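Descriptive structure summary
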Amino acid sequence: CFANNINRSLIRGNSLLQKVPLSNLNRIKPHFQIKISQQEEKVFDFLLGVVHHFKLNLNLRVAGGWVRDKLLNKDGGDIDITIDNLTGVEFASYVDKYAHHLNIPSIHLGIIKSNPEQSKHLETVCLTLFGIEIDINNLRIETYQPYSRIPLTRPATPSEDAHRRDFTINSLFYNLHTQDVEDYCQGVEDIKNKQLKTPKDCLQTFLDDPLRVLRAVRFACQLDFQIHPSIIQTASQPLVKQALTQKISRERIGKELSKLFITERVPLGFEHFEQMKIVDTIFIGPDIEWTQTKIKRAKDNLTFSSQLQKHSKLELSAVQKEILCQSLILSPFLENKSTSDGFPFRRGNLTLLKTKLGRFVSNTLRCSLKERRRRGENIFWRVENERVFEQKSVATD
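Definitions and cut-offs
- Residues numbered from 1 in each chain as written.
- Predicted model: local features only at pLDDT ≥ 70, side-chain atom pairs only at ≥ 80, totals over all residues.
- Heavy atoms only, no water.
- 1 Å grid on protein atoms, 1.4 Å probe; cavity = no way out; pocket = protein on both sides within 12 Å on 5 of 7 lines; lining within 4 Å.
- Points joined across faces, edges and corners; volume = space filled by probe spheres on them.
- Helix = DSSP H or I, 4+ residues; strand = E, 2+ residues; numbered from the N terminus.
- Nonpolar A, V, L, I, M, F, W, Y, C, P; charged D, E, K, R; others polar.
- Salt bridge = Lys/Arg side-chain N within 4 Å of Asp/Glu carboxyl O.
- Buried < 20%, exposed > 50% of the residue type's maximum accessible area, 1.4 Å probe, protein only.
- Pairing = 2+ DSSP bridges.
- Phe/Tyr/Trp six-rings, centres within 6.5 Å; stacked < 30°, edge-to-face > 60°.

Roughly 270 Å³ of internal volume is contained in the second largest pocket. Mapped by element, the contributors of at least two residues to the lining of the second largest pocket are α11 (266-276), α13 (292-311) and α14 (318-329). At 5 residues, the largest contribution of residues to the lining of the second largest pocket is made by α13. Across the lining of the second largest pocket, the residue classes tally to 8 nonpolar, 4 polar and 4 charged.

What follows concerns the pattern of salt bridges. Scanning the entire structure with this criterion turns up 16 salt bridges. With its nearest N and O atoms 2.6 Å apart, the salt bridge here joins R218 to E256. Of this pair, R218 sits in helix α7 (residues 211-223) while E256 sits in helix α10 (residues 250-261); the two residues are 38 residues apart in sequence, bridging distant segments of the chain. E256 carries the same exposure label as R218, and that label is buried.

This paragraph deals with the pairing of strand β7 (residues 140-143). Side-chain alternation along β7 places R140 and E142 on a buried face and I141 and T143 on a face that remains uncovered. Pairing of β7 with strand β8 (residues 152-155), which is carried by 4 bridges, proceeds in the antiparallel orientation. The residue bridging T143 from the neighbouring strand is L152, located in β8.

A few words on the packing of aromatic side chains. Note on aromatic pairs: each is described by the distance of the centres and the angle between the planes. Under the definition given, this model contains 11 aromatic pairs. For the ring pair F46 and Y98, a centre distance of 5.2 Å and an interplane angle of 55° mean the geometry is tilted. Linking F46 in helix α1 (residues 38-53) with Y98 in helix α3 (residues 88-101), this pair joins segments that are 52 residues apart in sequence. Accessibility assignment for this pair places F46 and Y98 in one class, buried.

Structure follows, in structure tokens:
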């Protein structure tokens, strides 16, 4: 196992640990390796110290994106810890006591109360330890109700918790006690093959939480992964499109798209939306009626923008990238309309299409229009007063 390559000294309490059933558990392949930073090592040693000091009968695992990113040799970022036999709040009390025992004053510990209206369906313990933000939750299984993406939860085994997650690459655990990656859903193989799959039936996965359709596209663009054909096919089903409309707010869709727009593969993401037949489900608004011609124009704009950005020295902030993508996607409809009309995005950030960004949009659209004029379309455009205008040119004799 690759964990043998990690030269670390951990406090274990193996006699206190419950045995993990191995019937559907795959150990990590030897050629994969997790590199743990000194700060992460301190965090893990501290948390294992809590278990050892109070003789707690539980297992500590890192879950989800941190494990995935480590296997991809990326920075793991924030850490999500899962526990069994105790609630996160109960474990937090032991963390606080152990910190006082070691005279560690720099732990900032808080509890986010459950709030279904804000998609917070479970109490979450949040703490900052050695400069790393950590969330602590229980292993759980989720049951979804019709017309809501807020699930009912109950305690679960590691396998059940893994299978409730959105994609196999996010279903992995890193066991702090054994230093093993635990794989219940063939997530390691999918990371190796750079492919996005769901742990269970695609239709049930997307009906449970339709936002996962957008997350599939975002992860594919962010990680340069292929989306499994079953995901594309399922996402295009009327039931999934209906659930996406009824269960997911425009704000949640906007936040997910904002994450997509800061990746380097936005044109690919829009192409995935087209393959899933959900362009008209995501990008809606007054006087917006998508046709194949308009989809093609939006895709062309994004492609040219991406090409220009690769060769341009202009550095855009995340907000500027978001606004640029919004403008390019809806440019076929922007005829005397503000760039914020019809968008599901945070309007507070839609305050600029000027100076360098405005010129960048101008250059992008100019290149797109050259192609369209080659196809015989007489089009001109301008950026004026933070608005993008596109009109048919008047024919002259």
